[in-house]
Amino acid sequence: MAESPQHDVPSTYRRDAQGTRLRLLDAASELFAERGYERATVRDIAARAGVNQALLFRYFGSKKALFGEVMAHGGHEQLRTTPAERLFEVALRGMLAGGREGADRSLEVCLRSIGGSDEIADALRGLGEEYAAVLATLSESDTGTLRGDLALSWLLGIGLMRVVVGKEPLASADPDTVCRLVVGALGGLLEGLPQGAGTDGEGGPIPE
């Protein structure tokens, strides 16, 4: 009887390892967004991913390194793949999604984790600076850098009031309505936004 090819075993192992790694990233992203860096424990992350916490240390080395991967997997990927003129709305919709599957939660992680260790604060500050720098490219004004900071501050302020504070009526407001009002008004600050941003061109929300 012919023996099974030996290369199938390592190939299967690589697929399983990659799947475990992605489950840990997803679980960490959810818990960091829900609780912040300090309150999201390694044990809870591993439990949500359905794996032994020893695997978390095998794949990432530490909770802090896992946090860095979560930010790179989410926020930095969003920065890399989203056109500048769409970045504010895409980031805003991610925060408004409330943990819906597939939504990027990087800015929620930032909001929940502010006040952590110096290294975590530096990582969050660095990501914020990257977002602000991209938004600043949408203005040709001499105050473009300041405008980028103001746009980011507005974005994070909305997230703070809705996600962390739970201020009504913002906390339960329809995401399309929030996007239409906010992104539509943002053109006065970032003149490089396309006309009608936040709407379907006829005053209605852009369908998701």
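Residues numbered from 1 in each chain as written. Predicted model: local features only at pLDDT ≥ 70, side-chain atom pairs only at ≥ 80, totals over all residues. Heavy atoms only, no water.

Participant: How would you explain the environment of Met 161 if you had to name every residue and give the values?
Facilitator: Topologically, Met 161 is positioned in helix H8 (residues 144-165). Here Met 161 falls in the partly exposed class, since its relative accessible area comes to 33%. With 10 residues separating them along the chain, Met 161 and Ala 171 place their C-alpha atoms 7.3 Å apart. Ignoring any residue separated from it by four or fewer positions in sequence, one finds Met 161 in contact with Gly 166, Lys 167 and Leu 170. (Helix = DSSP H or I, 4+ residues; strand = E, 2+ residues; numbered from the N terminus. Buried < 20%, exposed > 50% of the residue type's maximum accessible area, 1.4 Å probe, protein only. Contact = heavy atoms within 4.5 Å.)

Participant: Before we move on, could you go through the pattern of salt bridges and cite the residues and values that matter?
Facilitator: Within the structure shown, the criterion is met by nine salt bridges. Here Glu 77 makes a salt bridge to Arg 80, at a shortest N to O gap of 2.7 Å. In this pair, Glu 77 and Arg 80 both sit in helix H4 (residues 63-81), three residues apart, roughly one turn of the helix. Residues joined by salt bridges that share partners form a network here, namely Arg 86, Glu 89, Arg 93 and Asp 176. (Salt bridge = Lys/Arg side-chain N within 4 Å of Asp/Glu carboxyl O.)

Participant: A description of the nonpolar core should follow, citing residues and the corresponding values.
Facilitator: Phe 32, Ile 45, Phe 88 and Leu 92 are the most contacted members of the largest nonpolar core, which totals 51 residues. In terms of residue count, helix H1 (residues 8-35) provides more of this core than any other element does, seven residues in total. Setting aside chain neighbours within four positions, we find Leu 92 in contact with Leu 155, Ile 158, Cys 179, Val 182 and Val 183. (Core = buried A, V, L, I, M, F, W, Y, C linked by side-chain atoms within 4.5 Å.)

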